[in-house]
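Observations on the model geometry
Below are the chains, spelled out letter by letter.
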Amino acid sequence: MMFGKLKAGLKVALAVMPLAFGSIAIAEADGLKVAMVLPGPISDNDWNSVGYNGLQAAAKALGVEVAYSENVSDADAERILRDYASRGYGLIFAHSFSFGDAALNVAEDFPNTTFMAGTAKELAPNLGTYSNPDYQGAYLAGMLGAGASKTKTIGWVGGMPAPNMLANLHAYEAGAKEMVPDAKVLHTFIGSWFDPPKAKEAAIAQVEQGADVLSAQGVGVIDAAIAKNVFALGAMTDQNHLGPKVVLTSVTWDLGPLVTAVAKAVEDKNWKSQNWSYGIAQGSVKLADFHGLDAGVPPEVLKAVQAKFEAIKSGAFTVPLDTSNVE
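So, how was this worked out
- Residues numbered from 1 in each chain as written.
- Predicted model: local features only at pLDDT ≥ 70, side-chain atom pairs only at ≥ 80, totals over all residues.
- Heavy atoms only, no water.
- Core = buried A, V, L, I, M, F, W, Y, C linked by side-chain atoms within 4.5 Å.
- Buried < 20%, exposed > 50% of the residue type's maximum accessible area, 1.4 Å probe, protein only.
- Helix = DSSP H or I, 4+ residues; strand = E, 2+ residues; numbered from the N terminus.
- 1 Å grid on protein atoms, 1.4 Å probe; cavity = no way out; pocket = protein on both sides within 12 Å on 5 of 7 lines; lining within 4 Å.
- Points joined across faces, edges and corners; volume = space filled by probe spheres on them.
- Nonpolar A, V, L, I, M, F, W, Y, C, P; charged D, E, K, R; others polar.
- Salt bridge = Lys/Arg side-chain N within 4 Å of Asp/Glu carboxyl O.
- Phe/Tyr/Trp six-rings, centres within 6.5 Å; stacked < 30°, edge-to-face > 60°.
- Axes fitted to C-alpha atoms, helices over the stretch in contact; angles between N-to-C directions.
- Parallel < 35°, antiparallel > 145°, perpendicular 65-115°, else oblique.
- Left-handed = near helix turned anticlockwise from the far one by under 90°.
- Contact = heavy atoms within 4.5 Å.
- Pairing = 2+ DSSP bridges.

This part is about the nonpolar core. One finds Phe93, Leu248 and Trp276 to be the most contacted residues of the largest nonpolar core, which totals 64 residues. Among the elements that line this core, the one with the most residues is helix H4 (residues 135-148), at nine residues. Counting 23 residues, the second-largest nonpolar core is a separate cluster that includes Ala35, Ala85, Tyr89 and Leu127.

Counted according to the given criterion, the structure contains one cavity of 30 Å³ or more. The computed volume of the largest cavity comes to approximately 40 Å³. Residues belonging to the lining of the largest cavity are distributed by class as follows: five nonpolar, four polar and one charged.

Quick look at the pattern of salt bridges now. What the rule picks out here adds up to eight salt bridges. Here Asp109 makes a salt bridge to Arg82, at a shortest N to O gap of 2.8 Å. Here Arg82 lies in helix H2 (residues 74-86) and Asp109 lies in helix H3 (residues 100-109), a separation of 27 residues in the sequence. Here Arg82 falls in the partly exposed class, since its relative accessible area comes to 27%. A salt bridge links Glu178 to Lys308, with the nearest nitrogen and oxygen atoms 3.2 Å apart. Placement of Glu178 in helix H5 (residues 163-179) and of Lys308 in helix H9 (residues 299-314) is noted, with a sequence separation of 130 residues between them. For Glu178, a relative accessible area of 38% gives the class partly exposed.

Right, let's get into the packing of aromatic side chains. According to the stated counting rule, one finds six aromatic pairs in the structure shown. With a centroid separation of 4.9 Å and an interplanar angle of 80 degrees, the aromatic rings of Tyr84 and Tyr89 are classed as edge-to-face. What makes Tyr84 buried here is its relative accessible area of 0%. Centroid distance Trp156 to Phe189: 5.2 Å. Interplanar angle 70 degrees. Geometry classified as edge-to-face. Within this pair, whereas Trp156 is found in strand E7 (residues 153-158), its partner Phe189 is found in strand E8 (residues 184-189), the two being separated by 33 residues in sequence.

Turning our attention to the packing of H4 against H5. Between H4 and H5, whose axes approach to 6 Å, the crossing angle comes to 40 degrees. Judged by the angle between their axes, H4 and H5 are oblique. In this structure, H4 crosses over H5, and the sense of that crossing is right-handed. Each of Tyr135, Ala138, Tyr139, Ala141, Gly142, Met143, Ala146 and Gly147 in H4 lies in contact with H5, whose residues at this interface are Ala167, Asn168, Ala171, Tyr172, Ala174, Gly175, Ala176, Glu178 and Met179. Here the contact of H4 with H5 is composed, by residue class, of 12 nonpolar, four polar and one charged.

Moving on, we get to the layout of surface pockets. By rolling a water-sized probe across the atoms, one finds the places where empty space is left. There is about 210 Å³ of room inside the second largest pocket. In this structure, the second largest pocket is lined by 14 residues; those nearest its centre are Thr119, Ser131, Pro163, Asn275 and Leu321. The element that contributes the greatest number of residues to the lining of the second largest pocket is H5, accounting for three residues. For the lining of the second largest pocket, a count of residues per class yields six nonpolar, eight polar and no charged.

Turning our eyes to something else, we now look at the sheet that holds strand E13 (residues 285-287). Backbone-to-backbone hydrogen bonds join strands into a sheet, with any given pair of strands oriented parallel or antiparallel. Strand order in the open sheet formed by six strands is E8-E7-E9-E10-E11-E13, with mixed pairing between adjacent strands. Each of the sheet's edge strands pairs with one partner strand only, and the pair in question is E8 and E13. Direction aside, the axes of adjacent strands within the sheet are offset by 15 degrees on average. Relative to strand E10 (residues 231-236), strand E9 (residues 213-216) is paired through three bridges, and the arrangement is parallel. Counted as the bridge partner of Leu214 is Ala232 from E10. Packing against the sheet, helix H6 (residues 196-208) makes contact with E7, E8 and E9, and its axis sits at approximately 165 degrees to E7.

Structure follows, in structure tokens:
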């Protein structure tokens, strides 16, 4: 466990998805304190990095103090959330779909503390939720992937069939079908939020079935793309540095605007228990730079993807939100 002293002001604790018990930065000032709990490492260039970066952005924007715990398991989530609440943190983010029940349990015992759980199934007067509307970007990724594919077969590898992942998969397939009506979309849920070897194995299996573009919804997929020399579409952050020759672009998610808005609302005492969703229209979901790899994509495909991005941003087109289960 590592301890860090952060500057005075609002403290934000981040709760995200668990692996092993992670570091906690302890805040010592009076006033609103905010914390986040994360399920994995903040260095994953994925879900946990997005949470951590969003927390730091809020700290910078509001001049507040922040605290976080990384690598928190589902089994430890309630205990760590409860510890933050008992130490006076006024706003606590449970940054994982699987932390929803833990957040609800703790919220009941700390009615004066505000909790935010990532894609929670159930809300409470002091428990809100926030979604990851990256399915909007997934639609664009599907268009791009199908348009760039030479085999008309593209792949998608994700962790667990949570609502946000199902929404991503369905939007990816819908975008692919718009661009190439007879495109084939392969999908695999590996049954874990963080298992790079398993994700790589699943992605390689899809390449062997003809996929030449892969949506990397889990760490390990880009490694498979490198090994098989096919395009990969990154997720959450610009992941080109993980595979400079194969990561065509990435669907990025900037959580900073949302964390900042929620913290400000709590400070101003006008926070509401609801689903806070910041997507393309709010500037939180984007496509990363192509780093020159767009030279391998037909110009008409790039033009169509850009036009669709603008349509989503303006509200002229709404990406269908489909969270239905798949086989």
